[in-house]
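Coordinate inspection notes
For reference, the chains in residue letters:
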Amino acid sequence: DNPNVHYHRFRWAGRGYARAGLWYLTALPIWLRRHRIDVLFSQTCYLPPFRPKRTVLLVQDAKYFYKTPGLTGGTERRERAAFRMKRLWIHYSLRVADRILVQTQTLADSILESFPSVRPRLTVIPHGPGYLDGLERCESTAPPDGALEITYVALFRSYKNFPVLFDALRMLSERGIRARLHLTLDTRRDPGAREMIEYAARMGVGDLIVNHGELGPDRLSGLYRGSHVFVFPSVCESFGFPQVEAMSFGLPLLVADTAVNREICSY
């Protein structure tokens with residue numbers, strides 16, 4: 001409601017490679033000149049070639065900097081080519097940005113390994129606990145005769161490592177331990193999310209999964225409060241703020257042993 005804040009909404013921008021290219025190469029530069037914008041703060045990792053004199057770049061996509069196996073753009077030639085093009089664009093944006101922001105020292109170190117010259121322009125600003133209201137610490141112990149409620153808050157990405165959780169569910173079931181896995185996958189709009197749910201069914205653990213879809217703040221807070229443990233097997237993150245949300249609710253965490261996860265969960 002601040003009168004000094006003006007919103008401009010562009011519904012079509014970024015949907016598909018062609019539209020994203022058209023947006024950054026033509027539409028956004030024209031809009032910037034038309035409104036005489038002095039500073040551009042990009043939260044998408046990309047800067048257009050024609051831009052204001054002052055720019056701030058928030059790098060939130062870590063897969064272009066971590067040396068993690070399997071993050072080269074998928075198996076199809078088109079996906080690999082798109083990955084390489086995006087990586088080149090992000091690297092170009094790093095070179096021209098006046099200020100560069102990242103959310104973890106781990107990502108900062110990875111960027112500096114490839115681009116040591118950006119050090120004077122690079123700042124680490126850790127993410128907060130998210131947009132949830134009423135954060136509270138609570139003791140959450142699984143009842144001895146009830147199911148262990150396990151939660152993983154994440155959209156589908158290949159590096160989110162969902163199959164390892166399905167393996168764990170099957171192992172728990174084989175040992176007679178009752179457990180349910182709560183997910184927040186958008187199966188209506190994301191084909192990758194649908195494939196993951198179908199994959200879980202083929203593994204025989206589909207009936208042990210409760211998929212809530214994307215949740216708003218109130219329902220997401222309720223999911224945390226009803227959980228016994230939070231898991232985060234993702235192997236590539238710029239920050240992974242659901243871990244901070246889960247810690248804010250006092251939940252025990254089981255996370256992938258990566259540098260960025262160790263950094264976040266050690267706070």
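Before any of the text, the structure's been laid out above.
What comes next is a walk through the structure. (Residues numbered from 1 in each chain as written. Predicted model: local features only at pLDDT ≥ 70, side-chain atom pairs only at ≥ 80, totals over all residues. Heavy atoms only, no water.)

1. What about the sheet that holds strand S1 (residues 39–42)?
In spatial order, the strands read S1-S2-S3-S4; together these four strands make up an open sheet with parallel pairing. Only two strands of the sheet have a single neighbouring strand rather than two, namely S1 and strand S4 (122–124). Adjacent strand axes in the sheet meet at a mean angle of 20 degrees when their direction is disregarded. When strand S3 (residues 99–102) meets S4, the two strands line up parallel, connected through three bridges. Residue Leu101 lies in a different strand from S4, and its bridge partner there is Thr123. Against the sheet, helix H3 (residues 105–114) engages S3 and S4, with an angle of about 160 degrees to S4. (Pairing = 2+ DSSP bridges. Helix = DSSP H or I, 4+ residues; strand = E, 2+ residues; numbered from the N terminus. Axes fitted to C-alpha atoms, helices over the stretch in contact; angles between N-to-C directions. Contact = heavy atoms within 4.5 Å.)

2. Examining the packing of helix H4 (residues 162–174) against helix H5 (residues 191–202)
Relative orientation of the contacting elements H4 and H5 amounts to 25 degrees, with a least axis distance of 10 Å. As judged from the angle between their axes, H4 and H5 are roughly parallel. Of the two elements, H4 crosses H5, and the hand of that crossing is right-handed. Contact residues: Phe162, Pro163 and Phe166 in H4; Met196, Tyr199 and Ala200 in H5. Grouping the amino acids of the contact of H4 with H5 by side-chain chemistry returns six nonpolar, no polar and no charged. (Parallel < 35°, antiparallel > 145°, perpendicular 65-115°, else oblique. Left-handed = near helix turned anticlockwise from the far one by under 90°. Nonpolar A, V, L, I, M, F, W, Y, C, P; charged D, E, K, R; others polar.)

3. Remarks on the packing of aromatic side chains
Under the defined criterion, the tally for this structure stands at eleven aromatic pairs. Relative to Phe162, the ring of Tyr152 lies with its centre 5.0 Å away and its plane at 45 degrees, an arrangement referred to as tilted. Of the two residues, Tyr152 sits in strand S5 (residues 148–152) while Phe162 sits in helix H4, which places them ten residues apart along the sequence. There is no split in this pair, since Tyr152 and Phe162 are both buried. Where Phe156 meets Phe162, the ring centres are 6.3 Å apart and the plane angle is 25 degrees; that geometry is what we call stacked. Since its relative accessible area comes to 1%, Phe162 is described here as buried. Taken together through their ring pairs, the aromatic side chains of Tyr152, Phe156, Phe162, Tyr224, Phe230, Phe232 and Phe249 make up a single cluster. (Phe/Tyr/Trp six-rings, centres within 6.5 Å; stacked < 30°, edge-to-face > 60°. Buried < 20%, exposed > 50% of the residue type's maximum accessible area, 1.4 Å probe, protein only.)

4. Side note on unusual backbone geometry
With a phi close to 55 degrees, Arg36 is a non-glycine residue in the positive phi region. According to the relative accessible area criterion, Arg36 is exposed, its value standing at 72%. Phi angles above zero are rare outside glycine, and Cys45 is one such case at about 80 degrees. Note on Cys45: relative accessible area 3%, which makes it buried.

5. Structural notes on the pairing of strand S8 (residues 229–232)
Here S8 shows a buried face lined by Val229 and Val231 and a second buried face lined by Phe230 and Phe232. Looking at chain direction, S5 and S8 are connected through two bridges and run parallel. Across the sheet, the residue bridging to Ile150 is Val229, located in S8. Judged from the three bridges that link them, S8 and strand S9 (residues 253–255) form a sheet pairing that is parallel. Bridge pairing links Phe232 to Val255 in S9.

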